[in-house]
Structure formats: C-alpha cells, structure tokens
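Here is what each chain is made of, one letter per residue.
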Amino acid sequence: MSNVVSILDDKALGRALTRMSYEIIERNKGTEDLLLAGIKTRGVFIARRLAEKIQEIEGAHVPVGELDITLYRDDRHFNDDREEPEVKGQDFPVDVQGKVVILVDDVIFTGRTIRAAMDAVIDLGRPEKIMVASLTDRGHREIPIKADFVGKNIPTSKKERVKVSMTECDGRDAVEIIKAN
C-alpha cells in the first residue's frame, strides 16, 4: 500500500500557474513571437491555462501547440507483437520558425521527455529559442536539462512518484507524491 501526500491543491496550482505566466512575460519582455508547446497529455492542459493567464495579464493571444513525443523517446519499448506505439501527432497553429518555443510539461524528472520534445520541435522548423516550463520539478536528471519556469520544486526519492491531476482529464486539480512503502 502507498501513502499519498498532497503538495498542491487547486488554489495553489492556480497560483503557481499565475506566477509562471508572469515569469514567462517578464523573461521574454512581453509575448511577441511566443509559442507554448504542450507535451501530451497534461502538458497541453497546462500550456492552455498559461496562455489564458497570459491573455488576462497582457491582453495578447499566445498560440498553443500540442506535441506527441512518443516516437522521439529514447526509452520507448515495443510490445511482444512488435506493434508500433500509438502516435497522436503534432498540432501547431503557427510555424515554429523564428518563434520562442516554450515546452510545457507537468513533471520534469530525468530530462528525457524534454529532450524528446526538443527533437520533435526541431523537426517542425528552427525556432529562435527553446525554453522549458514545468508545473513541477522533482530532480534526478539523467540529461543536463533545466526548466526555465517551475511551478513547484518537489524533492523526491526515485521510489516516489509525482502525480499531477488536471480537471480537464482527471476531474480535479492537484499535485501529490505517492510514497512507496
């Protein structure tokens, strides 16, 4: 049996996204040429919420793209029947060429997901810059990647799991640590 420790409730999660939105605007001196790229699945919902908050703050629309990094993972495995994994595809409302692309994910852990997302974006074109926004950062990098914008740093052991729940797909907003016994 595992123990669940609440890290962020819905209000704290909302505050973290608001803070991240201000940091994105400040660091980029506005919103010109910004493109948020949500990593499927929860990263897309976080990216959409960041775009909404930026719209509220600056009155400027920031486009949101969706990245499926399945085929870019260096640790993907095939099942016994050798079937290809299901790929949901990329969906970008604008060209990435010359844009400041901010990769958005729910949890940054080893860095492998972000590395795969960078490869996926570069396959779409040559952005001016790539930055990383993550709702949570739990440490334990295997690849030297650092998030530029973090909602909450959560020190964890490798045996623990960080669970991000989003209303859009889970029916509630929360961040929890699942502790193994």
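Model, not experiment: these values are computed from the prediction.

A.B. asks: Lay out the sheet that holds strand 6 (residues 149-153) with the relevant residues and their values.
C.D. replies: Spatially, 3-2-4-5-6 is the arrangement adopted by the five strands of the open sheet, whose pairing is parallel. The open sheet has two edge strands with one neighbour each: strand 3 (64-67) and strand 6. Each neighbouring strand pair of the sheet contributes to a mean axis angle of 25°, computed without reference to strand direction. When strand 2 (residues 34-39) meets strand 3, the two strands line up parallel, connected through four bridges. By the bridge assignment for strand 3, leucine 36 is matched with valine 64.

A.B. asks: Describe in detail the UniProt feature "short sequence motif: PRPP-binding" (unreviewed entry) in the chain, supporting the description with residues and values.
C.D. replies: In the numbering adopted here, UniProt assigns the feature "short sequence motif: PRPP-binding" (unreviewed entry) to residues 101-113. With 15% helix and 62% strand, the stretch residues 101-113 has end C-alpha atoms that lie 15 Å from each other.

A.B. asks: Outline unusual backbone geometry, listing residues and values.
C.D. replies: Along the chain, lysine 40 connects to threonine 41 via a cis peptide bond; the corresponding omega equals 10°. Structurally, threonine 41 is set in the loop between strand 2 and helix 2 (42-58). Its identity as a non-glycine residue notwithstanding, lysine 29 has a phi of 55°, on the positive side. Relative to the helices and strands, lysine 29 resides in the loop between helix 1 (10-27) and strand 2. Owing to a relative accessible area of 78%, lysine 29 belongs among the exposed residues under this scheme. Although it is not a glycine, histidine 140 adopts a positive phi angle of roughly 70°. Considering the arrangement of structural elements, one finds histidine 140 in the loop between strand 5 (129-137) and strand 6. When its relative accessible area of 27% is taken as the criterion, histidine 140 is described as partly exposed.

What counts, and where the lines are drawn
Residues numbered from 1 in each chain as written. Predicted model: local features only at pLDDT ≥ 70, side-chain atom pairs only at ≥ 80, totals over all residues. Heavy atoms only, no water. Pairing = 2+ DSSP bridges. Helix = DSSP H or I, 4+ residues; strand = E, 2+ residues; numbered from the N terminus. Axes fitted to C-alpha atoms, helices over the stretch in contact; angles between N-to-C directions. UniProt positions renumbered as here; feature names shortened; annotations may be inferred. Buried < 20%, exposed > 50% of the residue type's maximum accessible area, 1.4 Å probe, protein only.

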